[in-house]
Structure formats: C-alpha cells, structure tokens
Amino acid sequence: MKIASINVNGIREAVGRGFLDWLANQDADVVCVQNLKAKSFELDDSILYPEGYEGYFLDAEEDGFSGVGIYCRKIPKAIMYGLGFPQCDHEARFLQADYDRFSIASFLMPDGSDPAAKQAFMAQYQEYLSKMARKRREYIICGTWHIAHKTIDLANWSDNQSTPGFKPDERAWMDQVFGPTGFIDTFREINRDGDEYTWWPKLDSEVPRTRQEGWRLDYQIVGPNFRRHITDAWIDYDATFSEYAPLIVEYDLPL
C-alpha cells in the first residue's frame, strides 16, 4: 500500500503546475491533499475525479482558505468529515476515509499566524488523538502539522526557536504525540538523515530543493501496532507544483 500526502497550497494553482500529471504517475493507493483554497463545487471534474481515483473533499466556510481532500483508488467503507469541534470543522482541517482494518486521514494544522488559535486547536486535537490511541482501530494520519519536531527537521534551527512552527511549546506538544500518546513518525522510522524537508520558506526555483534551507512540516503518523508495517518512506523533491513536497510512505498491507 502506497500513501502520498501533499499540501498543494491551492489546488487549482497546483493543477496548473502539473499536479494531475504527477498524480497519474504515482501508482499510489491513497493521496491525501491539504490546503485546497477552493470549494469543491468550484472545481472541474478532472480535479474531483481524476482517472483511477474517487475524490472526497471537505470545504472551509471561508472562501479561498484551507480545505482537505483524499483521493482513493478503492472506495472507502465510510467517510468522516471533521472532528466535531468548530475550529476544525468550520476551517475544514480533517477528513477521514475508513476501510476494514484501518482509517486514513488528511489533516491540516493551523499555521501559527494566530498563535492563540493554533494553541486552542492543539489542545482540542490532543484530546481526539488520545481517544484514537485507545481504540482498537488503526489510523494513518497524513498532512501538514506546521511543526518541525526536532532540530534535525529544519535548517538554521538555532535562529528559529521563537518562530511559529518551532517554538518550545509546539515541539513539546509533538513530544506528547510521539511519546505518551503513542503515535509514530513513519518517516523517521525509515530515514534519520538531516536536510530532509517538505517546505521551503524562500523557495528558489533556480536551486534544487535538496540544496535549500527548509522545514519538515509534513507527517504520516501511525499507532505502535503499525510500526512493523512501514516498509519505505521518502520525500518527492522532484514534484514542484507546490511550495511543499509530497511525503510518500509504503506499508506492507493491502488497502
């Protein structure tokens, strides 16, 4: 099973830069997308239902803002829209596809431009993650968390300790997610190298992404029982239709 996650940072702009061509060449079972910045009724069928996939989307109430989606090769048993608290649901930050043995979610954390709003979201989301961890069902949560967890996850970390996305309280919150709450960072199970990023604040199209200073803000997280099923994980640096790079993880389970 191959799952890709990508913050498109505007789905229509990403399509104009080659997103659909990239999708057609992925051979992915599920592709989670975030930050659509468009309502689904505004999108062409070619975006809603690309060949080989069924698309599911959650629209934000505000125009041109947020939004998440999931492209699935196999139709899910059910789709869950939102998490039941207004900040998440009105801003369209969580969408979940349920299959027989596990669920796959597309998730978008607030970026921290409003620190109080991000803190409020994190507090409520932590309650939900704790409930998920106690269930028998397994989860794969894919998306942009807008937090670089460790110093290895961003360039020039020493200069960014007061920057949203790397503040001590945000990193401590991630410590809880990957510690007592029990979830696992699938990418770091496979790759412990530095200079592995999914977002670049000052992207230079003339310089390869691997030579630029970035942040790893995107994750696929799973519960401890899924650790043994992670077989590979990588960042697709060649996909340049967004300021974010796709995070791709393979699991030794069928969808």
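Residues numbered from 1 in each chain as written. Predicted model: local features only at pLDDT ≥ 70, side-chain atom pairs only at ≥ 80, totals over all residues. Heavy atoms only, no water.

With an unreviewed UniProt entry as reference, the protein is termed Catabolite repression control protein, source organism Halomonas huangheensis. As its UniProt record puts it under Sequence similarities (unreviewed entry), the protein is described as follows: "Belongs to the DNA repair enzymes AP/ExoA family." (UniProt positions renumbered as here; feature names shortened; annotations may be inferred.)

### So, the sheet that holds strand S10 (residues 218-222)
Reading across from one edge, S5-S6-S7-S8-S10-S9 is the order of the 6 strands in this open sheet, with mixed pairing throughout. Two strands bound the open sheet, and with one partner strand each, they are strand S5 (78-81) and strand S9 (184-185). Bridge count between strand S8 (residues 138-144) and S10: 5 bridges; the pairing is antiparallel. Directly across from Ile141, in S10, lies its bridge partner Ile221. Sitting on the sheet, helix H5 (residues 115-134) touches S5, strand S6 (94-98), strand S7 (102-108) and S8, and the angle it makes with S8 is about 155 degrees. Lying over the sheet, helix H6 (residues 168-178) contacts S9 and S10, oriented at roughly 30 degrees with respect to S10. (Pairing = 2+ DSSP bridges. Helix = DSSP H or I, 4+ residues; strand = E, 2+ residues; numbered from the N terminus. Contact = heavy atoms within 4.5 Å. Axes fitted to C-alpha atoms, helices over the stretch in contact; angles between N-to-C directions.)

### So, the UniProt feature "site: Important for catalytic activity" (unreviewed entry) in the protein
If you check UniProt for "site: Important for catalytic activity" (unreviewed entry), the listed places come out as Asp218 in our numbering. On the secondary structure map, Asp218 appears in strand S10. Asp218 gets classed as buried once you look at its relative accessible area, which sits at 1%. Aside from chain neighbours lying at most four places away, what touches Asp218 is Asn7, Gln34, Gly143, Thr144, Thr198, Tyr244 and Leu247. Looking at Asp218, its side chain comes within polar contact range of the side chain of Thr144, at 2.4 Å. (Buried < 20%, exposed > 50% of the residue type's maximum accessible area, 1.4 Å probe, protein only. Polar contact = N/O pair within 3.5 Å; in protein donor to acceptor, adjacent residues only side chain to side chain.)

### What to know about the packing of aromatic side chains
If you walk through the whole model with that rule in mind, you get 25 aromatic pairs. Ring centres 6.1 Å apart and planes at 40 degrees place the aromatic pair Phe19 and Tyr71 in the tilted group. With a gap of 52 residues between them, Phe19 in helix H2 (residues 19-24) and Tyr71 in strand S4 (residues 68-72) connect regions that are remote in the sequence. Tyr71 matches Phe19 in its accessibility class, with the two residues each being buried. Here Tyr125 and Trp173 contribute two aromatic rings whose centre-to-centre distance is 6.3 Å and whose plane-to-plane angle is 25 degrees, an arrangement assigned as stacked. Within this pair, whereas Tyr125 is found in helix H5, its partner Trp173 is found in helix H6, the two being separated by 48 residues in sequence. (Phe/Tyr/Trp six-rings, centres within 6.5 Å; stacked < 30°, edge-to-face > 60°.)

### So, the nonpolar core
Among the nonpolar cores identified, the biggest contains 36 residues, and Ile3, Val30, Phe102, Ile104, Ile140 and Tyr251 are the most heavily contacted of them. Of all the secondary-structure elements, those providing two or more residues to this core are strand S2 (30-34), strand S3 (54-58), S4, S6, S7, S8, strand S11 (230-235) and strand S12 (247-251). With 24 residues, the next largest nonpolar core counts Met122, Tyr128, Met132 and Ile141 among its residues. (Core = buried A, V, L, I, M, F, W, Y, C linked by side-chain atoms within 4.5 Å.)

### A closer look at the sheet that holds strand S1 (residues 2-7)
With mixed pairing, 6 strands are arranged side by side in an open sheet as S3-S4-S2-S1-S12-S11. In the strand order of this sheet, the two ends are held by S3 and S11, each with one partner. Recorded for the sheet is a direction-independent mean angle of 15 degrees between the axes of neighbouring strands.

### Some remarks on the pairing of S4
Burial analysis of S4 places 5 of its 5 residues in the buried class, which makes it a mostly covered element. Neither face of S4 is open: one carries Val68, Ile70 and Cys72, the other Gly69 and Tyr71, and all of them are buried. In terms of strand pairing, S2 meets S4 through 5 bridges, oriented antiparallel. Bridged to Val30 within S4 is Cys72.

### Quick notes on the pairing of S6
Counted residue by residue, S6 has 5 buried out of 5 residues, so it is predominantly covered. Pairing geometry for S5 and S6, over 4 bridges, is antiparallel. Within S6, the position partnered with Tyr81 by the bridge is Leu95. For S6 and S7, the ladder comprises 5 bridges, and the chain directions are antiparallel. By the bridge assignment for S7, Phe94 is matched with Phe107. Remark: 3 residues form the turn of the hairpin made by S6 and S7, two consecutive strands paired antiparallel.

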